[in-house]
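Observations on the three-dimensional arrangement
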Amino acid sequence: MQTFLPSDILKSYIKYYWVFATEQQSINDAMYPSGYLELAINISEGEVVSVLNDRYIGMPPVEVLGQLTAPARIIAGKQTTLLVTRFYPHATALFFPNRIADFTDDSVDLLDVFKADAVDLHARMMDQRTLAQKISILDSFLVRQLIKSRKNLSQISLIESICRYTGQGGDGPDIEQLALQHGVSTRYIQKLFLDCIGIPPKRFFNIRRFNKSLHLIRKAEESLTSIAYECGYYDQAHFIREFKAFSGVTPSRFLQPTLLENTAEI
């Protein structure tokens, strides 16, 4: 997977840009909840369909792919190239006027969010010959959105501090305790997560734990029992139940070669 860093002003808010390409073959691949919202731009003539909760959604030229809470699929024709922006979870709201929960488990046309600006962005990117030039156009667009943002930075800072939690509990930090520390209510924190990340705190940390287990399974260096323990699951049954909820299959089924070969680590 090719990744590219954003400009310095965006490095605290965007993890990276990355390229999805099918080259000479069409694909039908799994997509799993990642904990990230992404902005995907089709910079090719290839056609893409997302399958979200049994809904087949044709990808618009510029797509906001919200937080996934269940397994999905991407079907892409040959010679398809997408340029994708992966936002840090705490910073997503800085770039969109919408409540981020409005995008969850959905593919949204950026035209519905930014109107003519979305059309102009895609047209200008398609006018560029090189990938570097296209990334530069995208980067400039996102810098402008950041500068225009009217979001409360103290709220963003609170969400960031919670997202950075790295304690032993797989379910994440004690939200009640955090609320007391910051002088806010647990309901306020829940609302902030829905408004700015798109999913509740518990779901966010469950997805993060799932992705850690997914990474370890792909490495195939530890037993499933060890992975369950390392990721903070209560027991093997808890691990299997949550892994299947986010991937559609059990960990042992995922380990079968045909599944491992058809899922790329992003």
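Residues numbered from 1 in each chain as written. Predicted model: local features only at pLDDT ≥ 70, side-chain atom pairs only at ≥ 80, totals over all residues. Heavy atoms only, no water.

1. Brief notes about the packing of aromatic side chains
One pass over the structure, following the stated rule, counts 16 aromatic pairs. Between the aromatic rings of Phe210 and Phe246, the centroid separation amounts to 5.4 Å while the plane-to-plane angle is 50 degrees, which identifies the pairing as tilted. On the criterion of sequence distance, the pair formed by Phe210 in helix α7 (residues 201–219) and Phe246 in helix α9 (residues 236–247) is long-range, its members being 36 residues apart. Classification of Phe210 by relative accessible area gives buried; the value is 0%. With relative accessibility at 5%, the residue Phe246 sits in the buried group. In this structure an aromatic cluster arises from ring pairing among Tyr13, Phe87, Phe95, Phe96, Phe103, Phe114 and Phe141. (Phe/Tyr/Trp six-rings, centres within 6.5 Å; stacked < 30°, edge-to-face > 60°. Helix = DSSP H or I, 4+ residues; strand = E, 2+ residues; numbered from the N terminus. Buried < 20%, exposed > 50% of the residue type's maximum accessible area, 1.4 Å probe, protein only.)

2. Things to note about helix α2 (residues 116–127)
When the terminal C-alpha atoms of α2 are compared, their 17 Å separation across 12 residues agrees well with the 16 Å that a helix rising 1.5 Å per residue should span. All buried positions along α2 are accounted for by Ala118, Leu121, His122 and Met125. Summarising the axial view, the buried residues of α2 lie within an arc of 90 degrees, below the 170-degree limit, and thus occupy one face. Away from its buried face by more than 90 degrees, α2 exposes Ala116 and Asp127. (Expected span 1.5 Å × (residues − 1). Arc of directions from axis to C-beta.)

3. Quick word on the side chain of Thr85
Tracing the backbone through its elements, the reader meets Thr85 in strand β9 (residues 81–87). On the basis of relative accessibility, which here comes to 0%, the residue Thr85 falls in the buried class.

4. Some points on the sheet that holds strand β10 (residues 107–109)
Read across the open sheet, the 6 strands follow the order β1-β2-β9-β4-β7-β10; overall the sheet is antiparallel. Each having just a single partner strand, β1 (2–4) and β10 make up the two edges of the open sheet. Recorded for the sheet is a direction-independent mean angle of 25 degrees between the axes of neighbouring strands. Taken together, the 3 bridges between strand β7 (residues 62–65) and β10 define a ladder with antiparallel strand orientation. Its bridge partner being in β10, Leu65 is matched across the sheet by Ser107. (Pairing = 2+ DSSP bridges. Axes fitted to C-alpha atoms, helices over the stretch in contact; angles between N-to-C directions.)

5. Notes on helix α3 (residues 131–148)
Between its terminal C-alpha atoms α3 stretches 26 Å, which fits the 26 Å expected from 18 residues at 1.5 Å a residue. Along α3, the residues classified as buried are Lys134, Ile135, Ile137, Leu138, Asp139, Phe141, Leu142, Val143, Gln145 and Leu146. Close packing links the buried residues of α3 with β1, β2 (14–21), β4 (38–42), β9, α1 (111–114) and α2. (Contact = heavy atoms within 4.5 Å.)

6. Things to note about the nonpolar core
In this structure, Phe95, Phe96, Leu110, Leu138 and Leu142 are the most contacted members of the largest nonpolar core, which totals 65 residues. Phe96 has contacts with Leu37, Val64, Phe87, Phe103, Leu110, Val113, Phe114 and Lys151, leaving out every residue within four places of it along the chain. Of all hydrophobic cores here, the second largest spans 16 residues; its members include Ile57, Met59, Ala72 and Leu82. (Core = buried A, V, L, I, M, F, W, Y, C linked by side-chain atoms within 4.5 Å.)

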